[in-house]
Amino acid sequence: MIFSIDDENDVLEGIEEQALSELGILERQDLQEWAIEQPRILGDDLLVITSEYANFEDTLDRLDILALDRTGTLVVIELKRDRADRTTDLQAIKYASYCATLTAENIQKDYREFWSERNEEELTPEEVGQTFVDFLEGGEEKIVLTSDGWAEFELDQKPRLLLAAGRFGTEITAPVMWLIEEYGMDITCTRIEAYEHQGRVLLNSQQVIPVAEAEEYMTKRREKQEKQRKTSRRPAAINVLLEREVLKPGEKVYFDPERVPEGADLEWSEDDDFWWATVTGDTGRSDNARWDHDENVYSFTGLTKELLHELVGRDRDDALNGYKFWCHPGFEGRSLSDLRNSDVRGGDRESKTVGSKLTIED
């Protein structure tokens, strides 16, 4: 119960809680729509990516709301207008397993599709990317935009679960507490309370799991886990290679001949600019490879996708690690991925014969 106080008459009036269904509130048309427009109604600061999400392989399941929190963690949200049923937690876990394979670029494309259709106004990749940069700013690492306009950040591969309902029974609270305590899963149960007063419907969100008494402990535990995760998170490969001076502005790298796909329309040749890229050395940017073939600037991953698309028509949206495809002539032709994972530094370069395109000058 909540109370309303009439200042003029100094009258205290109790307002009884009512079920959302009693007030004619619908689950999808009302509660879900309110949560999309004002995610704070769920008790959290979130960026809604999409709703009724169904881009899961080999299933027709639909996730109520997919969102992102300010730590770069996906939030799988399941809504129930009244009492959460016995399968609510299992549904959320299932959806979280589906979402664990999504990349930062995937969710930005989903955001663009959802909000462009919802607002009937086409968003550009740059507008979407900047939205994510603005939302995630304040973290330890500066987020930049790729050549395609998307924000480049590391998406946490362990989605959070947020269950919101009018009521929770022990068939939900017991397994949720067990999953939290035994397996460290990040699950929040938020109760949506509804009241009617003076012709208006009042909504209040109350976190019931973790319980208030344990919230400080759970928060510290999550902060510790997050700190450990961030400590173990490796900085971007391009930043490491530039800081160690393994890559320097103006240096050339070449596409690994061993990785030229079968059926390619072009044979590898040292004298062909198609197989070469020049390092720009622009700090704070992921786009640091100027393709000698077209003089455009890409990230190494973006360049690799473009090159393979031209060679064999490979889909540019298919994931890959571009640093595995490019070799540095000054380090015995080792791949940039190998160099990034080693402890070599710029001073470890070897001399090359002058006159070869593979020559690297100190």
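Note: the structure precedes this text.
**Student:** Just give me the short version of the overall build of the protein, but keep the residues and values in it.
**Tutor:** Looking only at helices and strands, the protein features nine helices and 16 strands. Buried residues in the protein amount to 44% of all 362 residues. Contacts in the protein between residues far apart in sequence, at least 24 positions, make up 55% of those at least 6 positions apart. Looking at the protein as shown, the accessible area adds up to about 19600 Å², and 44% of this sits on carbon and sulfur atoms.

**Student:** Please set out a negative patch on the surface residue by residue, giving values where relevant.
**Tutor:** There is a patch of like negative charges on the surface, built from Asp6, Asp7, Glu8, Asp10 and Glu13. Along the chain, Asp7 falls in the loop between strand E1 (2–6) and strand E2 (11–15).

**Student:** So what's going on with the pattern of salt bridges? Which residues, and what values?
**Tutor:** Taken as a whole, this structure holds 19 salt bridges when the rule is applied. Across the pair Arg83 and Glu171 runs a salt bridge, and its minimum N-O distance is 3.1 Å. Taken together, the residues span a long stretch of sequence, with Arg83 in strand E5 (residues 73–83) and Glu171 in helix H5 (residues 170–183) at a distance of 88 residues. Overlapping salt bridges, with partners in common, bring together Asp44, Asp69, Arg160 and Asp186 in one network.

**Student:** So what about the nonpolar core? Which residues, and what values?
**Tutor:** Nonpolar side chains tend toward joint burial in soluble globular proteins. Residues Leu68 and Phe153 are the most contacted members of the largest nonpolar core, which totals 60 residues. Phe153 has contacts with Leu68, Ala104, Ile107, Gln108, Phe132, Leu136 and Ile143, leaving out every residue within four places of it along the chain. One finds Phe300, Leu303, Leu336 and Val344 within the second-largest nonpolar core, a separate group that totals 31 residues.

What counts and how
- Residues numbered from 1 in each chain as written.
- Predicted model: local features only at pLDDT ≥ 70, side-chain atom pairs only at ≥ 80, totals over all residues.
- Heavy atoms only, no water.
- Helix = DSSP H or I, 4+ residues; strand = E, 2+ residues; numbered from the N terminus.
- Buried < 20%, exposed > 50% of the residue type's maximum accessible area, 1.4 Å probe, protein only.
- Contact = heavy atoms within 4.5 Å.
- Areas by Shrake-Rupley, 256 points an atom, 1.4 Å probe, with all protein chains shown as cover.
- Patch = residues over 30% accessible without salt bridge, like charges linked within 9 Å, V, L, I, M, F, W, Y side chains within 5 Å.
- Salt bridge = Lys/Arg side-chain N within 4 Å of Asp/Glu carboxyl O.
- Lys, Arg positive; Asp, Glu negative; His and termini not counted.
- Charge placed at Lys NZ, Arg CZ, Asp CG, Glu CD.
- Core = buried A, V, L, I, M, F, W, Y, C linked by side-chain atoms within 4.5 Å.

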